[in-house]
Amino acid sequence: MRCFAPTFWVALGAAPLLFSCTPAAPSRLEGSWTGTVADGQGATGLVLDFAAHGGRWTGTMSLPGRRLLGKTLPDIRFAPPDLSFTLPAHAALLCFQGRLSPGTIDGTIRVEGRTIPLHLQRSERAAPPYREDQVSFGSGDTTLHGALLRPAGAGPFPAVILIHGSSTPDRNDFRYFADLFARHGIAALIYDKRDTGGEANGGTASLETLAGDVLAAAATLDRRRDIARGRIGLWGFSQGGWVAPIAASRRRFAFIIACSTAGVSYADVNRFQDAARLRANGFSSADVEAAMQAERRLDQFVRDGRDPTDVQAMLDGAAGRPWARFITLPRRLPSAAEKGTYLRWRDLDLDPSIYWRQVDAPVFVALGTADLNVPPKESAGRIAAALSAGGNRNVTVRFYEGANHELFPAPSLEADTIGWVQGVLGRRP
């Protein structure tokens, strides 16, 4: 089996791991195992947790230094003493093979053509200082499931709802940040994103629909006695930072945190990403401009439906250009059904500023200066201008020099976030 590097292996981190196999007795695999792995950004600590439940293995992988907690491993095989698992992420795959010995696990990770040795030792892990409640809530005709990480004590507690990016659909994709909030006295709700039909053209759920899910989550928190009314905030990453102001335009939230979000339309973001990719691969300014002209022409067709034959001929010609395989320009015109279904087309010109102007809560925006997914400077300027136009000047914009879309490196991000929230909530930062 060929293995490739998952995106979050070198960038982000955190989520529970499921391993399916029948445990043999007695395995001694149960418990926590810690080690260090080189992941392309230097050495980072790794934690595996295993448990046997009802004839199957469950477990979690955590890379706290990469902001990953409890990532599900769906394919584990344990035939004592041999242990193996794979970790998929989009089209990528990480493969582990190793052997269990008393107190240790030794093996190798195969990733992107490299073989990395891994040595793990049994360790003890302290229980977190919060409890975890399973929650479910309805949004339209969909039922969503998640977990509320609730600080110890009776409450009521302030709370935050964590909103997905386009490629982070699992409740545990942002468990790291939920854990961070819960450890600082703020209940954190994480949930599994609704099925959007994959990532093709952004998926099939509109930003308005996703905002409706956030509002349903907030209504669920409103009904809990352990959550303080009027003290629920939002935290959104990437696409979640688009969704947050839409939700906040429909009801008041105590605060909004938007990480690596765009202040421009999907059309603008798509061209920014593709142009950055072309420049990174050494294409000339003329090549970049030719590609952008092709994308602008296709976008105009999506808007007005005019000249389909000419636009298809343009796509046919573009397909033969050397830069075509590096960008998201399709080979054929999107159908009427696709234009009405896929997020990239149906929300092509959605302007986030319209919603930011209606937000009256304090806002914290975190952006990396080396972000190649959204234009950081332009996004920050448009968001701040929209808030100001709506009369809201309670906005903090923090740029992290050299940080990418996943906000690496940004060593002060956690402290900045918690300090800001505590200030908003009237607590000592």
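Calculation criteria
- Residues numbered from 1 in each chain as written.
- Predicted model: local features only at pLDDT ≥ 70, side-chain atom pairs only at ≥ 80, totals over all residues.
- Heavy atoms only, no water.
- Salt bridge = Lys/Arg side-chain N within 4 Å of Asp/Glu carboxyl O.
- Helix = DSSP H or I, 4+ residues; strand = E, 2+ residues; numbered from the N terminus.
- Axes fitted to C-alpha atoms, helices over the stretch in contact; angles between N-to-C directions.
- Parallel < 35°, antiparallel > 145°, perpendicular 65-115°, else oblique.
- Left-handed = near helix turned anticlockwise from the far one by under 90°.
- Contact = heavy atoms within 4.5 Å.
- Nonpolar A, V, L, I, M, F, W, Y, C, P; charged D, E, K, R; others polar.
- Phe/Tyr/Trp six-rings, centres within 6.5 Å; stacked < 30°, edge-to-face > 60°.
- Buried < 20%, exposed > 50% of the residue type's maximum accessible area, 1.4 Å probe, protein only.
- Lys NZ or Arg CZ within 6 Å of the ring centre and 35° of its normal.
- pLDDT = per-residue confidence, 0-100.
- Pairing = 2+ DSSP bridges.

## Notes on the pattern of salt bridges
Alright, step 1. Taken as a whole and assessed by the stated rule, the structure comprises 25 salt bridges.
Alright, step 2. The residue Asp133 makes a salt bridge to Arg224 at a minimum N-O spacing of 2.8 Å. With Asp133 in strand β11 (residues 130-139) and Arg224 in the loop between α2 (207-222) and β15 (227-237), this residue pair connects regions lying 91 residues apart in the sequence.
Alright, step 3. Residues participating in the shared-partner salt-bridge network are Arg131, Asp133, Arg150, Arg224 and Asp226.

## Description of the packing of α2 against helix α3 (residues 239-248)
Axes are the key here: two packed helices are described by the angle between their axes and the distance separating the axes.
Alright, step 1. Following both chains from N to C, one finds α2 and α3 inclined at 70°, their axes separated by 8 Å at the closest point. Judged by the angle between their axes, α2 and α3 are roughly perpendicular. When you trace α2 past α3, the crossing you get is right-handed. Each of Leu207, Glu208, Leu210, Ala211, Val214 and Leu215 in α2 lies in contact with α3, whose residues at this interface are Gln239, Trp242, Val243, Ile246 and Ala247.
Alright, step 2. Its residues assigned to classes, the contact of α2 with α3 comprises 9 nonpolar, 1 polar and 1 charged.

## A short note on the packing of aromatic side chains
Alright, step 1. Taken as a whole and assessed by the stated rule, the structure comprises 11 aromatic pairs.
Alright, step 2. On the numbers, 5.0 Å between centres and 20° between planes, the contact of Phe85 with Phe96 is stacked. With Phe85 in strand β7 (residues 82-89) and Phe96 in strand β8 (residues 92-101), this pair connects stretches of sequence that are 11 residues apart. Here Phe85 and Phe96 have matching classes, each one buried.
Alright, step 3. Residues Phe174 and Phe237 carry aromatic rings whose centres are separated by 5.5 Å and whose planes lie at 55° to one another, so their mutual orientation is tilted. Of the two residues, Phe174 sits in the loop between β13 (157-163) and α1 (175-183) while Phe237 sits in strand β15, which places them 63 residues apart along the sequence. Of the two residues, Phe174 and Phe237, neither departs from the other in class, the shared state being buried.
Alright, step 4. Here a set of aromatic residues connected by ring pairs shows up, and it is made of Phe174, Tyr176, Phe177, Trp235 and Phe237.
Alright, step 5. Over the face of the ring belonging to Phe408 we find Arg67, whose NZ or CZ atom lies 4.3 Å from the ring centre.
Alright, step 6. Directly above the ring of Phe399 sits Lys377, whose terminal nitrogen or CZ lies 4.1 Å from the centroid.

## Looking at the confidence of the model for the protein
Keep in mind that low pLDDT regions are not for reading the predicted coordinates in detail.
Alright, step 1. Of the residues in the protein, 90% have a pLDDT of 70 or more, and the chain-wide mean is 90.
Alright, step 2. The low-confidence segment residues 1-26, where pLDDT is below 50, has 131 contacts with residues more than four positions distant or belonging to other chains.

## Examining the sheet that holds strand β12 (residues 142-151)
Alright, step 1. An order of β11-β12-β14-β13-β15-β16-β17-β18 is seen for the 8 strands of this open sheet, with the pairing classed as mixed. Two strands close off the open sheet at either side, each with one partner strand: β11 and β18 (395-400). Ignoring which end each strand starts from, the neighbouring axes of this sheet average 20° apart.
Alright, step 2. Pairing between β13 and β15: 6 bridges, direction parallel. Of the residues in β15, the one forming a bridge with Ile161 is Leu234.
Alright, step 3. Against the sheet, α1 contacts β11, β12, β13, β14 (187-191), β15 and β16 (256-259), and its axis sits at roughly 40° relative to β12.
Alright, step 4. Most of the contacts of helix α11 (residues 413-424) go to strand β17 (residues 363-368), to which it runs at about 170°, and overall it touches β16, β17 and β18.

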